[in-house]
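# Examining the three-dimensional arrangement
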Amino acid sequence: MFSHLEPLPADPILGLSALFKADTNPEKVDLGVGVYKTAEGNTPIMRSIQEAFNRLAKTEGSKVYIAPTGWPGFTDAALDLSLGAPLVHALEGQLGAIQTPGGCGALRLGFELVNHAAPGTTVWVSNPTWANHVPTLKAAGLDSKVYRYYDRATTSIDIEGMLEDLKGAKAGDLVLLHASCHNPTGADLNDDEWDRVIELIGERGLVPFLDMAYQGFAQGLEADAGPLRRAFEKLPEAVLSYSCSKNFGLYRERTGALVVKSQGKDAAKALTTNLARIARENYSMPPSHGAALMTTVMQDEALRADWVAELGEMRDRVNTLRRTLADSLTQKGYGEQFGAVGRQTGMFSLLNLTPEQVASVQKDKSIYFPANGRINVAGLTEANIPYVADAIAGVM
Ligand code: LMR
């Protein structure tokens, strides 16, 4: 049965970690997988999460199964953060929600629900998009088409191209959107552009699927949620995949949520029970630990305030690093190619480099990032920016 299987190439993002680890160059720099790092190169456990962990160690008392929909209070906490209490209240009866194994689990479950409700639906994805989006939707039985998004030549969003392409979508198609901190480009729509996209989705009878993996890393928790909230408020149907990996630093705990809005009969119950059934057929129920930590933080005023403060420190640090790299490259005469890095948001920017230039920076300077030129800005430090900027300038 298995003898014909061939070994597969490494994942374009995750595969870089092993290569980086094996590299003995003391100057090596890891700008690969999207994780937050300190100046010392650590990905810390956030203070509030550590305190929640200490409390939970004393109180949890059992490892018996949790419900298929997740840890008690978790989806309410995720809804409160993402959609906000007033909108959740206004949409009462229209929202189904379930805890998922990370944001990736939420995407897969969401795509499976779509395929269950409308088999073979076409999903429109941005060009470019996160490397795992298309494989995940295809594995769930869906098809994909691309809409123009980022114009490498101008290092800005091609909003007119995006709208023109989406005009070619047919009613019932899904439009996958990055709620904030677009991965891999770091280029987000402005408010006016979001309004135009949401309006078009409404006019054409399309369904938005918002992937929110970086809430709090662009402008702040509330501002980053603005477009998502407008979509859920204005459109009859919408889907949200939510990840706590980055903003709670819970990466390996696989903590996420899927939220779906519909106006069908008994919508909330129909959505939640169908999601629970699909989850049961896949993995029964999600892991509890990360959700228990997140819920503990969100339900305790002091812990929540400390979490908001630490997330703000992380956001400010990443923004400072991006500006420092952009300034450094501008001083070397490459402002036109790389100045946008300083204006973009979130963990990533897409450098205007060819796969050959990326390979040469990796081989000669031990700086690791995917072949499409995406860098994890959080992997930069005040100390390694001059080295990285020299290396990039060196291949121009
Ligand atoms: C990334 O884009 O680097 C992260 O979302 C991690 C991953 O799973 O790819």
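Treat the numbers as computed from the prediction; the structure is a model and nothing was measured. The residue numbers shown here count from 1 along each chain, following its written sequence. It should be noted that, the model being predicted, local features are given only for residues of pLDDT at least 70 and side-chain atom pairs only at 80 or more, the latter also being counted only at that level, while totals for whole chains, interfaces and linings use all residues.

Moving on, we get to the nonpolar core. Formed by 115 residues in total, the largest nonpolar core has its most connected members in Trp124, Val175, Leu258, Val259 and Met294. In terms of residue count, helix α12 (residues 301-338) provides more of this core than any other element does, 10 residues in total. Residue ranges assigned to each domain were obtained from an automatic or database domain assignment. Both domains that furnish three or more residues to this core are identified here as domain 1 (15-43 + 316-394) and domain 2 (65-299). Once C-beta atoms are placed from the backbone, any two residues with those atoms within 7 Å are in contact. When sequence neighbours within four positions are dropped, the list of residues in contact with methionine 294 reads Phe74, Ala77, Cys244, Phe248, Leu250 and Thr255. In this usage, the nonpolar core is the set of buried Ala, Val, Leu, Ile, Met, Phe, Trp, Tyr and Cys residues whose C-beta atoms join them within 7 Å. With C-beta atoms placed from the backbone, the exposure class of a residue follows from how many other C-beta atoms lie within 10 Å of its own: 20 or more, buried; 12 or fewer, exposed; in between, partly exposed. To qualify as a helix, a DSSP run of H or I must reach at least 4 residues; to qualify as a strand, a run of E must reach at least 2; elements of each kind are numbered from the N terminus.

You can read the domains of the protein as domain 1 (15-43 + 316-394) and domain 2 (65-299). Counting from both sides, the interface comprises 16 residues of domain 1 and, opposite them, 19 residues of domain 2. Among the elements that make up the side of domain 1 that touches domain 2, the one with the highest residue count is strand β11 (residues 348-350) (3 residues). Note on residue classes: Ala, Val, Leu, Ile, Met, Phe, Trp, Tyr, Cys and Pro are nonpolar, Asp, Glu, Lys and Arg are charged, and everything else, Gly too, is polar. Residues belonging to the side of domain 1 that touches domain 2 are distributed by class as follows: 7 nonpolar, 8 polar and 1 charged.

The sites that UniProt annotates as "domain: Aminotransferase class I/classII large" (unreviewed entry) are residues 27-392. Structurally, residues 27-392 is divided into 47% helix and 16% strand, and its ends, taken at the C-alpha atoms, are 15 Å apart. UniProt positions are given in the numbering used here, feature names are shortened, and annotations may be inferred rather than shown by experiment.

Next up on the list: the environment of glutamine 99. Inspection of the secondary structure assignment puts glutamine 99 in strand β2 (residues 95-101). C-beta crowding within 10 Å serves as the criterion here: with 32 such atoms nearby, glutamine 99 is assigned to the buried category. For glutamine 99 and leucine 235, which are 136 residues apart along the polypeptide, the C-alpha to C-alpha distance reads 23 Å. The contact partners of glutamine 99, leaving out residues within four places of it in the chain, are Thr69, Gly70, Trp71, Phe74, Thr75, Ala257, Pro286 and Ala291.

Around the ligand, the neighbouring residues are Ile13, Val33, Gly34, Trp130, Asn132 and Asn183. Of the residues belonging to the shell around the ligand, the class tally is 3 nonpolar, 3 polar and no charged. Only the C-beta atom matters for nearness: placed from the backbone, it must lie within 6 Å of the molecule or strand for the residue to count as near.

Each neighbour pair has its own omega, and for asparagine 127 with proline 128 the value is 5°, a cis peptide bond. The amide bond that connects asparagine 183 to the next residue, proline 184, takes the cis arrangement and shows omega of 25°. Relative to the assigned elements, proline 184 resides in the loop between β7 (174-178) and α8 (191-204). Despite not being glycine, aspartate 266 shows a phi value in the positive range, around 50°.

Among the 9 residues of helix α3 (residues 74-82), 7 are classified as buried, and the element is accordingly described as predominantly covered. Among the residues trailing α3, glycine 84 stands out with phi positive, at a value near 85°.

For the rest of this paragraph, the subject is the pairing of strand β3 (residues 122-127). When DSSP finds at least two bridges between two strands, those strands are taken to pair. Two elements, β3 and strand β4 (residues 143-148), share 6 bridges in a ladder whose sense is parallel. Residue pairing for β4: valine 123 is matched across the bridge by serine 144. Viewed with both strands pointing away, a crossover whose connecting path from the first strand over the helix to the second turns clockwise is right-handed. At this point the chain moves from β3, through helix α6 (residues 133-139), to the parallel β4, and the crossover so formed is right-handed. With 2 bridges joining them, β3 and β7 adopt parallel strand pairing. The residue of β7 that forms the bridge with tryptophan 124 is valine 175.

The next subject is the environment of arginine 148. Mapped onto the elements, arginine 148 comes out in strand β4. The exposure class assigned to arginine 148 is partly exposed, which follows from the 17 C-beta atoms found within 10 Å. Separated by 11 residues in the primary sequence, arginine 148 and isoleucine 159 place their C-alpha atoms 7.9 Å from one another. What arginine 148 contacts, discounting residues up to four positions off in sequence, is Asn127, Asp158, Gly161, Met162 and Asp165.

As summarised here, the arrangement of the 7 strands in space is β2-β10-β9-β8-β7-β3-β4, forming an open sheet in which the pairing is mixed. Edge strands, defined here as strands with exactly one partner in the open sheet, are β2 and β4. Direction aside, the axes of adjacent strands within the sheet are offset by 20° on average. Note: strand β8 (residues 207-212) against strand β9 (residues 238-243), 4 bridges, orientation parallel. Residue pairing across strands places leucine 210 opposite leucine 240, the latter belonging to β9. Note on method: axes are straight lines fitted to C-alpha atoms, helices fitted across the in-contact stretch only, with angles between N-to-C directions ranging 0 to 180 degrees. Strand contacts of helix α10 (residues 267-282): β2 and β10 (255-261), with the helix running at about 20° to β2, the strand carrying the most contacts.

We now examine the environment of leucine 350. By the secondary structure assignment, leucine 350 is in strand β11. It is 32 Å that separates the C-alpha atoms of leucine 350 and glutamate 6, two residues lying 344 residues apart in sequence. The residues touching leucine 350, leaving out its near neighbours within four places in the chain, are Tyr150, Pro184, Thr185, Gly186, Asn372, Gly373 and Arg374.

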